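Breakdown of the fold
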Amino acid sequence: MGDVAGFAAATWMRGIRYVQVPTTLLAMVDSSIGGKTAINLPAGKNLAGAVHQPAAIFCDIDYLDSLPGDEYRAALAEIIKAGMIADRSFVEWLTAKLALLLSRDPGVLDDAVRRAIEIKVDVVARDPYETGERAILNYGHTLGHALERAAGYGTFRHGEAVAWGMEVAARISVMTGTCQAEDVTVQHTLLERAGLLERRPGVEPLDLLSAMEHDKKARAGKPRWVLLREVGRAEYGCEVDEAIMWMAFKEVLGI
C-alpha cells in the first residue's frame, strides 16, 4: 500500500507530499523508509517507480497486535539484515532477545523497530538515490527478488525470499573468502530460530537465472551482489563467478 501510494504521489502533478503510516512490521522497518516507491511488473520486481521521500512516517507498534504470525515472522528477516550489514552489537542483541521478539514483547519489539529504522535512515541519509553505499541495504535481495518473481508473486513473502537470499549471499561470501564461516553461522542461526528457513524454495534454475538477469540492479545481464565482510559489515557491487554462484545455489537451495 505504501509503495502504491508513494508511486502515485511521485507521479501526480510531478510530485505531491505524502505521509507513510505503516501498519505492518515489514513496512515499519523497511519499505516505508527511504522514498523508494514502485510497483511490480511481469518482467521483474519494482520496475516502475520513483524515489520520492515521504513528508513524514508514523509507526505505531500497537498495529502489530493484529498482524498475522507468518507476516510478522517474515519481516524479521529485514531486521536481522539490518544488523548483519551495519551493527554487530545489534546482531548480538537480537541473538539474546529473539525469543522475546518472536513473542512480540512490547519493549523488545519497540527497541528492535527503532534500531532497524535508525540503521536504514542512517544509510539512506548518506546516499538517498543509491549511487553507492545505499546498495548494502540490498543484502539478500539479489536472489530474494528473483525468487519472488520465479516462484510467482505471492508464493513467498518478501521476508521469506530475502532470508534465503541472505543465506545464498552469505555462502558466496565464504566461498569467495570475503567472510569467515563463523560469521555466517551467526546469521544462519538467527534466521533458523526465526522460522524463516523452514520452506526451501522450489524453483526452476533457468527461471531463477532469467529473473536475476532482469533485476534492475543487474549490469549487462549480470547480477551485482552484496556480500558479507563480517557480522555488521557488508560490501556492495560485487561480481561473482557464475560457477561459484551456481555452487551456492546447489548447496543452499538444492537446485
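We now turn to the structure provided with this report. (Residues numbered from 1 in each chain as written. Predicted model: local features only at pLDDT ≥ 70, side-chain atom pairs only at ≥ 80, totals over all residues. Heavy atoms only, no water.)

Regarding the pattern of salt bridges
This is how the line gets drawn: Salt bridges are counted wherever a side-chain nitrogen of Lys or Arg sits within 4 Å of a carboxyl oxygen of Asp or Glu. For helices the rule is a DSSP run of H or I covering at least 4 residues; for strands it is a run of E covering at least 2, with both sets numbered from the N terminus onward. Classification of residues uses two cut-offs on accessible area relative to the type maximum, computed with a 1.4 Å probe and protein chains only: under 20% is buried, over 50% is exposed, and between them is partly exposed.
For the structure shown, the criterion picks out 19 salt bridges. R157 is the partner of D70 in a salt bridge, and the nearest nitrogen-oxygen pair spans 3.8 Å. Placement of D70 in helix α3 (residues 69-86) and of R157 in the loop between α6 (141-151) and α7 (158-175) is noted, with a sequence separation of 87 residues between them. Given a relative accessible area of 28%, R157 falls into the partly exposed group.

Regarding the environment of G44
Selection criterion: Whether two residues touch is decided by their heavy atoms; if any such pair falls within 4.5 Å, the residues are in contact.
One can find G44 in strand β3 (residues 44-51). For the pair G44 and P68, spaced 24 residues apart in sequence, the C-alpha to C-alpha distance is 27 Å. Not counting residues up to four positions away in its chain, the partners in contact with G44 are R149 and Y153.

Re the layout of surface pockets
Which entries qualify depends on this criterion: A pocket here means an open set of points on a 1 Å grid, computed over the protein atoms alone, that has protein on both sides within 12 Å along at least five of seven lines. A cavity is instead a set of points where a 1.4 Å probe fits but cannot get out; residues with an atom within 4 Å of a point line either one. Grid points are joined across faces, edges and corners, and a volume is the space filled by probe spheres set on the points. Residues were grouped as follows: Ala, Val, Leu, Ile, Met, Phe, Trp, Tyr, Cys and Pro as nonpolar; Asp, Glu, Lys and Arg as charged; and all remaining residues, including Gly, as polar.
In this model, the second largest pocket occupies a volume close to 190 Å³. Lining the second largest pocket are 12 residues; nearest its centre among them are K222, P223, V240, E242 and M245. Counting only elements with at least two residues in the lining of the second largest pocket, the list comes to α9 (205-213) and α10 (242-253). Looking at side-chain class alone, the lining of the second largest pocket contains 5 nonpolar, 1 polar and 6 charged residues.

Looking at the nonpolar core
Going by this rule: Within this scheme, the nonpolar core is defined by two criteria: the residues are buried Ala, Val, Leu, Ile, Met, Phe, Trp, Tyr or Cys, and they are joined through side-chain atoms within 4.5 Å.
Counting 69 residues, the largest nonpolar core has L25 and W225 as its most contacted members. Considering every element that reaches this core, the biggest residue donor is α3, with 10 residues. In this view, L25 contacts L64, L67, Y72, A75, L76, I79, L109 and V113; residues no more than four positions away in its chain are not counted.

Brief notes about the packing of aromatic side chains
As a reminder, the rule being used: We call Phe, Tyr and Trp rings a pair once their centres come within 6.5 Å, taking the six-membered ring for Trp, and we label the pair stacked below 30 degrees between planes, edge-to-face above 60, and tilted otherwise.
Evaluated as defined, the whole model comprises 3 aromatic pairs. When the ring of W225 is compared with that of F249, the centres are 6.5 Å apart and the planes differ by 50°; the resulting orientation is tilted. Remark: F249 occurs in helix α10 and W225 occurs in strand β5 (residues 225-230); sequence separation between them is 24 residues. Of the residues examined, F249 reaches a relative accessible area of 0% and is grouped as buried. Plain terms: the ring middles of W246 and F249 are 5.1 Å apart, the flat faces sit at 85° to each other, and that makes the pair edge-to-face. Pair noted here: W246 and F249 are both in helix α10, with a separation of 3 residues, about one helical turn. A residue is classified by how much of its surface remains accessible, and W246, at 24% relative accessible area, is partly exposed. An aromatic cluster is defined as three or more aromatic residues linked by ring pairs; in this entry it consists of W225, W246 and F249.

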